[in-house]
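Now for the letters of each chain:
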Amino acid sequence: MSRPLDKTCYELSSSGDFMQWHQATVLHQCLSQTAVMLSLKRKWTPRNAFDLCSHCLMCVPRNLQITKEHFALYQQEITPREKVHERCKNICTPKDTFDRTLLHTHDKSRTDLEQVPKIFMKPDFALEDSLTFNAVLPWSHFSTAGGKGNRDAASSKLLQEKLSHYLDIVEVNIAHQISLRSEAFFHAMTSQHELQDYLRKTSQAVKLLREKISKIDKVMCEGSLRVLRLSLTRNNCIKAYNKLKLMATVHQTQPTVQLLLSTSEFVGALDLIATTQEVLQQELQGIHSFRHLGSQLCELEKLIDKMMIAEFSTYARNDLNRPLEDDCQILEEERLVSLVFGLLKQRKLNFYEIYGDEMIITAKNIIKQCVVNTVSQIEEIDTEVVVKLADQMRMMNFPQWFDLLKNIFSKFTIFLKRIKATLNTIRSVVFLVLDKNQKTRDLEDTLEKNSAKDSTVDTEVAYLTHEGMFISDAFSEGDLLPVAADTTSQRNTSPNSEPCSSDSVSEPECTTDSSSSKEQTSSSVTPGGVEMMISDDMKLTDLELVRLANNIQELLYNASDICHDRSVKFLMARAKDGFLEKLNSNEFVALSRLMEGFILDTEQICGRKSMSLRGALQSQANRFVNRFHEERKTKLSLLLDNERWKQAEVPAEFQDLVDSVSDGRISLPEKKTAATEERKPAEFLIVEGQKYATVGTVLLLIRIILEYCQCVDNIPSITTDMLTRLSDLLKYFNSRSCQLVLGAGALQVVGLKTITTKNLALSSRCLQLIVHYIPIIRAHFEARLQPKQFSMLRHFDHITKDYHDHIAEISAKLVAIMDSLFDKLLSKYEVKAPVPSACFRNICKQMAKMHEAIYDLLPEEQTQMLFLRINASYKLHLKRQLAHLNVVNDGGPLNGLVTSDVAFYTGNLQALKGLNNLDLNMAEIWEQKR
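All of the points below concern the structure found in this document. Bear in mind the structure is a predicted one, so any value in this text is a computation, not a measurement. Sequence order as written defines the numbering, with residues in each chain counted from 1. Thresholds applied to this predicted model are a pLDDT of at least 70 for local features of residues and 80 or more for the giving and counting of side-chain atom pairs; totals over whole chains, interfaces and linings are not thresholded and use all residues. To get the side-chain values, all heavy atoms of the structure are used, and hydrogens and water are removed first.

Axis definition: a line fit to C-alpha positions, over the contact stretch in the case of helices; interaxial angles, taken between N-to-C directions, run 0 to 180 degrees. Only DSSP runs of H or I reaching four residues or more are called helices, and only runs of E reaching two or more are called strands; each is numbered from the N terminus. Viewed as axis vectors pointing N to C, helix 28 (residues 838-854) and helix 29 (residues 860-885) meet at an angle of 160°, and their least axial separation amounts to 12 Å. With respect to helix 29, the axis of helix 28 lies roughly antiparallel. Here the hand of the crossing between helix 28 and helix 29 comes out right-handed. Of helix 29, the residues touching helix 28 (which contributes F840, I843, M847, M850, H851 and I854) are T863, L866, F867, I870, Y874 and L878. Class assignment for the residues of the contact of helix 28 with helix 29 results in 10 nonpolar, two polar and no charged. Any angle between 65 and 115 degrees counts as roughly perpendicular, while under 35 counts as roughly parallel, over 145 as roughly antiparallel, and the rest as oblique. Crossing handedness follows the turn of the near helix against the far one: under a right angle anticlockwise gives a left-handed crossing, and clockwise gives a right-handed one. A contact between two residues is defined here by any heavy atoms of the two lying within 4.5 Å. Think of it as three bins: nonpolar holds Ala, Val, Leu, Ile, Met, Phe, Trp, Tyr, Cys and Pro, charged holds Asp, Glu, Lys and Arg, and polar takes everything else, Gly as well.

Moving on to helix 4 (residues 72-90). End to end, helix 4 covers 27 Å across 19 residues, agreeing with the expected 27 Å (1.5 Å per residue, within 8%). Take the seven residues that end at a residue and the seven that start at it, fit an axis to each, and the angle between those axes is the bend at that residue. At I78, helix 4 shows its largest kink, close to 35°, and the proline P80 lies no more than four residues downstream. To estimate the expected span of a helix, count its residues, drop one, and scale the result by 1.5 Å.

Our focus in this paragraph is helix 30 (residues 893-910). Helix length check: helix 30 (18 residues) gives 26 Å between terminal C-alpha atoms against 26 Å at 1.5 Å per residue, within 8%. Only protein chains enter the accessibility calculation, which uses a 1.4 Å probe. A residue is then buried if its area is under 20% of the maximum for its type, exposed if over 50%, and partly exposed in between. When we look at burial in helix 30, the residues that qualify are N895, V898, D901, V902, Y905, T906 and L909. Burial along helix 30 is one-sided: seen end-on, the buried residues are contained in an arc of 140°. On its buried face, helix 30 sits against helix 28 and helix 29. Of all possible arcs, the one meant is that of the directions from the helix axis to the C-beta atoms.

Next up on the list: a nonpolar patch on the surface. On the surface, I216, V219 and M220 cluster together to form a nonpolar patch covering roughly 330 Å² of accessible area. Among the structural elements, I216 can be located in helix 8 (residues 182-251). Look at I216 and you get partly exposed, because its relative accessible area is 44%. Like-charged residues are merged into a patch within 9 Å and nonpolar side chains (Val, Leu, Ile, Met, Phe, Trp, Tyr) within 5 Å, provided each residue has over 30% relative accessible area and no salt bridge. Where accessible areas are quoted, they stem from the Shrake-Rupley method and a 1.4 Å probe; at the residue level, only the protein chains shown are allowed to cover. Salt bridge criterion: a side-chain nitrogen from Lys or Arg within 4 Å of a carboxyl oxygen from Asp or Glu.

Attention now moves to the pattern of salt bridges. Going through the model one piece at a time under the given rule, you end up with 17 salt bridges. A salt bridge links D713 to R784, with the nearest nitrogen and oxygen atoms 2.4 Å apart. Here D713 is found in helix 23 (residues 696-714), whereas its partner R784 is found in the loop between helix 26 (757-782) and helix 27 (794-826), with 71 residues between them in sequence. Between D805 and K801 there is a salt bridge, with its nearest N and O atoms 3.2 Å apart. Remark: K801 and D805 occur in helix 27; sequence separation between them is four residues, near one turn of the helix. Residues participating in the shared-partner salt-bridge network are R627, E631, R632 and E707.

A few words on the environment of Q553. Within the element layout of this structure, Q553 appears in helix 18 (residues 542-574). Residue classification places Q553 among the buried residues on the basis of a relative accessible area of 18%. Sequence separation of Q553 and K420 is 133 residues, and the distance between their C-alpha atoms is 9.0 Å.

Between the rings of Phe, Tyr and Trp (Trp by its six-membered ring), a pair exists once the centres lie within 6.5 Å; its type follows the angle of the planes, with under 30 degrees stacked, over 60 edge-to-face, and the other angles tilted. Following the criterion strictly, the structure yields 16 aromatic pairs and no others. With 6.5 Å between their ring centres and 50° between their planes, F412 and F415 make a pair best called tilted. Of this pair, F412 and F415 both sit in helix 15 (residues 398-454), three residues apart, which is roughly one turn of that helix. Across the pair, exposure class does not vary: F412 and F415 are buried alike. Both rings, one in F822 and one in Y874, keep their centres 5.5 Å apart while their planes meet at 65°; by these two values the pair is edge-to-face. Here F822, found in helix 27, pairs with Y874, found in helix 29; they are 52 residues apart in sequence, far enough to count as distant. Residue class for F822 comes out buried when judged on its relative accessible area of 0%. With relative accessibility at 0%, the residue Y874 sits in the buried group.

Here it is, written out as structure tokens:
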């Protein structure tokens, strides 16, 4: 098929006509692409002529005229083949038979192709490769050695026939594939005529449309566009005039800024600089005469920053160093608010640190000035000899130093109130800016919604003019001209509003439209009543403003900490020589209350607890508790070491003290009344109707216990320490009294000859008195402890148990004394006349002495219980002796003698006071008969 095409191209190109040669070349390309299209492996059926020619038209010039003569030679050669093709179609089998035949043919073709070696089918097949060449044409087939010529020739011929066979198989398959796509080719030729008609009609329609558009442009558009261009020219002239006026205004910026700075109008100067900078960057950009003005304004802005910081530092110094009178008014609030606005505008968000530094310096000066004023009023202190203030302060006695501390605390209270008022004003300015930001965002959101709804510009008429602008823009500017006069007053109030007409040309404040024209100001009033104009160019985020407000609030907390820290240093300077540790209870309580009052005042002012002064107070309180406890423990030890364990008289003041405790008032009397001094001491201490015989040490111990309780009331922070120390004191009294009485330590310490039953009974009664007050003490401490500290109350439970054990040991000791006596006397008992025997008379005598020793000391119930135990011991020893003597309850003479002695014992014992109803059960002395 390619030979006619080549021939045609040759004939056309040999004619010498370049145009014909070019057409022939293009036609050859089209036909070549058509042939390639027909060689596709899948069946393709074009829908119309455009499908067939889409690949060809890409390379055909628009002005190329293709005629039938170009296809004449091709048609002459293809016509016989077409007839053969038509004849074959008529005798073709039905479709299903054809499909089966086609499938069979396809299988046969595949089988034939499988005979061809795979090396020929590889995509990288190239005879230039030596390996490929040797595989296809072995060199052994071309050898010319003697004796093998005939055989090599036969092999070469066989190889040639094999390759020819492979070529025939491939050509047959190619021809078969071409025959399957012949129908699509002829259909494409038919569509060529339709395509030519369509292109011709399209070319005529385009030509006609261009002529009409040209006429419309001349008749309808040129005049209107000329009017629009003239309008744009007029507006440009107005803008140029306004630009010149704006340049004149900008030229006066620096003198105006200098004038504002001379009156400390920092905010106004910064606003003017910011507006001028914006105008220079947007509307006057590229003006050669202003090329250095921007940098000059930047340097001027930096100078204003330094001036504002210096001004704020001066303000802070003047505000904090005012006389500390009972006046918390803000110093020059308008000046403060103006400075804060200026610093916020310049993003100097660390200005509060300047105020913090001044607070530290002022706090030091307050203490120094108070010390100087107090020392100057004390004649005993010679300032020429004692130069240092700390040494002068240490020469003060407690009342003088206490008054000085009170004065310092009062000054610090006023100092904190003044700081709070100033910082609240600064925070209010920050919150005003934050509120303005929120309102601005809400307004912008509203404007965006309205602009989206009210947009009236028709985008379909936005065609470009010859000047490069949009017609819609020209319409918009033209619409603004009639309303320019109505907006003149608005431009006068806002220096950067839009100028739009010749009516506004004469206004000196008029400028061109820019983003700066959108700047607005709003009026806000601070808590002090100062009205300020807040501009929208405060480029601070809500996060920054909130963080700044928190830092200012933290500065107030720091002010409280500073005052506390300086107070702690003042206390520590006075405590170096152990002055605070030497204070008595009343003095330390007064100091503690003063410090607690100051701590509460600062917490109320600042809203947060400061722990430094509280910690110092706690530290001093711990030292006070240690000294307080050691003094009283030492005092108790001395009292016990000198106690002779004899019943002491009870002064009236101790009875009143006990009565007040019974009434629920756990406190010490302030002064002794005359009536109390005239009353005589009592023999017993009456506690809730019970008599207690005590020693002098126990009376003083009760007073010491009440001192612990009252100290807890006066200084609540030491409750836990006092509880621990009081527990230690009670344990010490219990253990030491046990050593002295039960352990007979008083024989060596005091010089007693012996520990009598009266000493033992008196010791037991004293312990019972302390046990009576332990629940009252426990309740007193429990009411002042935190719930999480209730576990400390277990100390009282342990102490109560120890005291009860001690009391039981004393009772056992009394019984043991009589037990040893019974063992000694009854071991020598003989049943014989006279009756009563000497042994029983001696026993009754000792029982009477025992009763006489303890009856007035112990309650009647305890006396009866004690004698019941003594009687049980007596019966045990008597029973053992009777068994030893073989005396039985048989009614005999011996039994009668024993019965008489026992009756004598029983009568004497029941005759003792308080023991008449005692059940002695003497029948137990006899062995039971089995």
